[in-house]
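# Structure assessment
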Amino acid sequence: MWPPFRVLTTALVLLLLPHPAVAGITLDGILDEPEWRQARSFDAFVTTEPLTVEPAKYHTEALLYTDAEGIYVGFRNYQPAGVKRVQRRFARDTDIAADRVFVGIDFDGNGKSGYDFTVGAANTILDGVFNNEKNYSKDWDGIWYSQTSQDDEYWYVEILIPWTVAPMTRSDDTEKKMNFFFGRIVFDESLRFAYPDATFARPTFLSDWKPISVRQVSTSTLDWFPYVTAGQDIEDDKSELKAGLDVVWRPNSGTQFTGTINPDFGQVESDDLVVNFSAFETFFAEKRPFFTENQALFSSQAPLGDRLLHTRRIGAAPDVGDDMVTDIDLGAKLSSYGDLLDYGLFVVLEDDTGESDGRSYLSTRVQSRVGGLAFGHSLTYAERPTLDRDAMVNALDMDWQNSSGVRLRGQAFYSDVHQDANSFNGQQHLDAQDFGGWTEWNYSPSDEWRYKFFGYYYGDEFDMNDMGFLKRNDWLRLATEVRHDVNAYPQDSAQRSGWYQATLAYEENNAGDRLQSGIDLQRYWVFRSTREFSIAAHLENSSYDDLITRGNGLLKMDAQQSFRVKYLNPRGKRFTFELLYVPETKGTDKFSHEFRFSPQYYITDKVTVSGSVAYTWFEEWLLWDFRSEQLVTYESDLYDFDLKLDWYPDSRQEVRVKFQWVGVKSDALLGYGLDGDGRLDPSDVPVEDFSLSDTALQIRYRYELAPLSDIYLVYTRGGFWESEDTGASPGKMWQNAWDNITAERVLAKIRYRF
């Protein structure tokens, strides 16, 4: 046997030994214990999709009970034989396209954050965290338990949420006020019910949850998560055995410490393939356990996606060298929640890699709430010794709302970056300080009308990309948005609900050059058949693009247009699909045309085949060519193929096959410089055609030993090909990339909670 796998086999035998069952209510999905007869009952559910607030069409009852173990929630969902039940299995934290129920808990009852626990009819689970009323992240994973059952008239859910699932303040009394939300979706009819009357469509979603006093139990826990991975790099014929440890200590209800030594960042879940020719960085979500656990306090996201803390920076490619990742020596995270003040500390130290010294990262957070006003301070600090660079960002944030439907929130940033010149940073010296910030005003006088105003300003030298995510600086943006929802139509109408939205935006850089500015118009229809259809138009005035030339001048562009048409066929069927057509201009007056077909076929409730096929044709694709250092137009074909097979033999096992291919074939038309007005000026510099093709395959098996305790077996293979020859067919392009292997690896991993 291959030596690393001997270690894994021994560990597996130990982990599969019997473990004690959870005391109290037996989680079998059958609400027959005496405790359920003592539980509080909530059955005044209303319809929130469509947002009519009428009594729920199908009776739904939520039960709430607490004991020393934690919070128990039960559901009785009336769904007679004439109403189709959709009971499909999905991977954890995958969008559950099936009947499902929700439990939302704001453990401190103050509207700062709420935890979501979702259970599908086939006992598939999803969890996440709400911040700032409506910002939702699935990155958080908690340890909790559920089970489902059914009979001819009802289907049932039992949920146990341990007291240790999340940090919370400790009440001086035995009773503690928490805010709860219960929800249900009847998938085949696209109906959503909720108690209380709270909906994600309103800006006060989190604040509208129901205050309920429960008997809180003081707990403390110490959880150990050792891991072992054995990897074989087939391409380079190298094997590797790694081990590490994550620790989660909760000395009391309000404090949590998370530590890690030599954390494993093996690719058990691959990122999507992206071919990006723009001047903007691609954002990738976090998947690594240490960075997702207990992260809610540090979450900070602007409305357009900028983030003060972007943990994918940590452990990324070193500042010097060809390595793709950097090992991490250790990390620690502390969060504490109190009645008046919450605070947190986050520290990570990287290992040295080749010529590159390991980087160090620090983040702190302090926040409080007084009545309807929440405010806080965040700090990030990154030290990059190889570049002789350190970067600090301070941020102040506030969030205020009142009962009349007005909400005002925003952030103000100050960045301070210092870098001494050396051979690794191109002898570039920096001593830059600057400001940035954003504000958002919301007003929702009713469920039918919503108004927003946005304002952004980032200084020329403002920079938070050493530890955060910032698409661009040197930027001013003002925008206003109006949305009108139609939540009810006559019973004889084919349309069930829909909405209209208009957004007017103006952008410029700090030199006063007008950037992308114009109007967005959207119309969305939801039909009683559950079909959905939408159209959108984006119309821009003439403007400048100050990034496309990568610092080589301003491109003056005529008015640009973009249109979008999307159709979704009725949900609940075994075969569903989405059609998308997008014609748009990209820097010239010639339209590109994108066609995308995204099918999904549920072979059984346990086996799903899904994917997408896309083709985009560019008559004139305007790109910056780094080889000739000029703008070039191309006649291009872009292919994008994605195929997934998901099989769930039972509630503990998951098999996934995921294949992606992206291909680009571009025939060069003409190179351009810029004239005195910033217009395209044909050049005599030769231009070249190019083709590229990128493939990625992952086959993954996962076995759940217990919540957040898993065994993974993963095979990954990647291939890449590029050429100046554009004569290859799409099939040949795919074959060329598939044959030119750039990475091939087998990985086995065990992570277990003690």
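Residues numbered from 1 in each chain as written. Predicted model: local features only at pLDDT ≥ 70, side-chain atom pairs only at ≥ 80, totals over all residues. Heavy atoms only, no water.

Bringing the overall build of the protein into the picture now. Within the protein one finds four helices and 40 strands. In terms of principal-axis extent, the alpha carbons of the protein reach across some 85 × 70 × 50 Å. The contacts of the protein with a sequence gap of at least 6 include a subset with a gap of at least 24, amounting to 61%. Carbon and sulfur atoms make up 54% of the accessible area of the protein, which amounts to about 32,800 Å² in all. (Helix = DSSP H or I, 4+ residues; strand = E, 2+ residues; numbered from the N terminus. Contact = heavy atoms within 4.5 Å. Areas by Shrake-Rupley, 256 points an atom, 1.4 Å probe, with all protein chains shown as cover.)

Here we take up a negative patch on the surface. Side chains of Asp 329, Asp 351, Asp 352 and Asp 357 sit close together on the surface and give a patch of like negative charge. On the secondary structure map, Asp 357 appears in the loop between strand E18 (342–350) and strand E19 (360–370). (Patch = residues over 30% accessible without salt bridge, like charges linked within 9 Å, V, L, I, M, F, W, Y side chains within 5 Å. Salt bridge = Lys/Arg side-chain N within 4 Å of Asp/Glu carboxyl O. Lys, Arg positive; Asp, Glu negative; His and termini not counted. Charge placed at Lys NZ, Arg CZ, Asp CG, Glu CD.)

With that settled, the discussion passes to the nonpolar core. In this structure, Ile 71, Phe 75, Phe 107, Phe 117 and Phe 182 are the most contacted members of the largest nonpolar core, which totals 40 residues. The contacts of Phe 107, once residues within four sequence positions are left out, are Ile 71, Tyr 115, Phe 117, Ile 161, Val 165, Ala 166, Met 168, Lys 176, Lys 177 and Met 178. The next biggest cluster of nonpolar side chains, apart from the first, holds 16 residues, and it includes Ala 302, Trp 438, Phe 462 and Leu 515. (Core = buried A, V, L, I, M, F, W, Y, C linked by side-chain atoms within 4.5 Å. Buried < 20%, exposed > 50% of the residue type's maximum accessible area, 1.4 Å probe, protein only.)

Glancing now at the pattern of salt bridges. In total, this model carries 40 salt bridges according to the counting rule given. In this structure, Arg 365 and Asp 397 form a salt bridge, with 2.5 Å as the shortest nitrogen-oxygen distance. Of the two residues, Arg 365 is situated in strand E19 and Asp 397 in strand E21 (residues 389–401); the sequence distance between them amounts to 32 residues. We classify Arg 365 as buried; its relative accessible area is 9%. One connected set of salt bridges, linked through shared partners, spans Asp 319, Glu 350, Arg 359, Arg 384, Arg 389, Asp 463 and Asp 466.

A large share of strand E12 (residues 191–195) lies buried, amounting to four of its five residues. Of the pairings in the sheet, the one linking strand E11 (residues 175–186) to E12 comprises five bridges and is antiparallel in character. Its bridge partner lying in E12, Ile 185 is registered against Arg 192. Counting the residues between successive antiparallel strands, the hairpin from E11 to E12 contains four residues, one of them, Ser 190, with a positive phi of roughly 55°. (Pairing = 2+ DSSP bridges.)

Our next topic: the sheet that holds strand E4 (residues 70–78). The antiparallel open sheet is built from five strands, whose spatial order is E1-E3-E4-E10-E9. Every interior strand has two partners, whereas the edge strands, strand E1 (40–42) and strand E9 (145–150), have only one. Here the average twist between neighbouring strands, direction ignored, is 15°. Sheet topology places strand E3 (residues 60–66) next to E4; seven bridges connect them, and they run antiparallel. Directly across from Tyr 65, in E4, lies its bridge partner Tyr 72. (Axes fitted to C-alpha atoms, helices over the stretch in contact; angles between N-to-C directions.)

One can find Ser 610 in strand E34 (residues 607–625). For Ser 610, a relative accessible area of 13% corresponds to the buried category.

In total, this model carries 50 aromatic pairs according to the counting rule given. Between Phe 42 and Tyr 195, the ring centres sit 5.5 Å apart and the planes meet at 25°, which makes this aromatic pair stacked. Of the two residues, Phe 42 is situated in strand E1 and Tyr 195 in strand E12; the sequence distance between them amounts to 153 residues. With relative accessibility at 11%, the residue Phe 42 sits in the buried group. Of the residues examined, Tyr 195 reaches a relative accessible area of 15% and is grouped as buried. By the ring-pair criterion, three or more aromatic residues cluster together here, those being Phe 42, Phe 45, Phe 75, Phe 180, Phe 182 and Tyr 195. In this arrangement the basic side chain of Lys 556 is found over the ring face of Tyr 544, its NZ or CZ atom lying 4.9 Å from the centre. Arg 571 extends its terminal NZ or CZ atom over the ring of Phe 187, reaching a point 4.4 Å from the ring centre. (Phe/Tyr/Trp six-rings, centres within 6.5 Å; stacked < 30°, edge-to-face > 60°. Lys NZ or Arg CZ within 6 Å of the ring centre and 35° of its normal.)

Turning our eyes to something else, we now look at helix H4 (residues 730–739). Regarding H4, the residues found buried are Met 733, Asn 736 and Ala 737. For H4, the angular spread of the buried residues around the axis is 95°, confining them to a single face. Against strand E36 (653–674), strand E38 (690–706), strand E39 (709–723) and strand E40 (741–751) lie the buried residues of H4. (Arc of directions from axis to C-beta.)

On to the side chain of Asp 637, then. Tracing the sequence through the fold places Asp 637 in strand E35 (residues 630–647). Among buried Asp, Glu, Lys and Arg side chains, Asp 637 stands out as unpaired, with Lys 665 the closest opposite charge at 4.9 Å. In this structure the side chain of Asp 637 is engaged in a polar contact, spanning 2.4 Å, whose partner is the side chain of Tyr 615. Apart from the residues within four sequence positions on either side, Asp 637 is in contact with Tyr 615, Thr 616, Trp 617, Gly 663, Val 664 and Lys 665. (Polar contact = N/O pair within 3.5 Å; in protein donor to acceptor, adjacent residues only side chain to side chain.)

On to the confidence of the model for the protein, then. Confidence along the protein averages 89 in pLDDT terms, with 96% of residues attaining 70 or more. Predicted confidence for residues 1–23 stays below pLDDT 50, and this span has 30 contacts to residues more than four positions away or in other chains. (pLDDT = per-residue confidence, 0-100.)

This next bit is on the environment of Phe 90. Summarising the element assignment, Phe 90 is placed in the loop between E4 and strand E5 (100–106). Residue classification places Phe 90 among the buried positions, given a relative accessible area of 10%. Apart from the residues lying within four places of it in its own chain, the contact partners of Phe 90 are Asp 95, Ile 96, Ala 97, Ala 98, Thr 124, Tyr 602 and Tyr 648.

Glancing now at unusual backbone geometry. Along the chain, Glu 49 connects to Pro 50 via a cis peptide bond; the corresponding omega equals 0°. Along the polypeptide, Pro 50 turns up in the loop between strand E2 (46–49) and E3. Of note, Asp 237 is a non-glycine position whose phi angle comes to about 55°, a positive value. Inspection of the secondary structure assignment puts Asp 237 in the loop between strand E14 (221–233) and strand E15 (238–252). Here Asp 237 falls in the exposed class, since its relative accessible area comes to 65%. Positioned with a positive phi, Asp 388 is a non-glycine residue whose angle comes to about 50°. For Asp 388, the location among the structural elements is in the loop between strand E20 (373–384) and E21. Note on Asp 388: relative accessible area 35%, which makes it partly exposed.

A cluster of nonpolar side chains, contributed by Val 370, Phe 375, Met 398, Trp 400, Leu 408, Trp 441, Phe 453, Leu 478 and Tyr 506, occupies part of the molecular surface with about 760 Å² of accessible area. In this fold, Phe 375 is placed in strand E20. Residue class for Phe 375 comes out partly exposed when judged on its relative accessible area of 37%.

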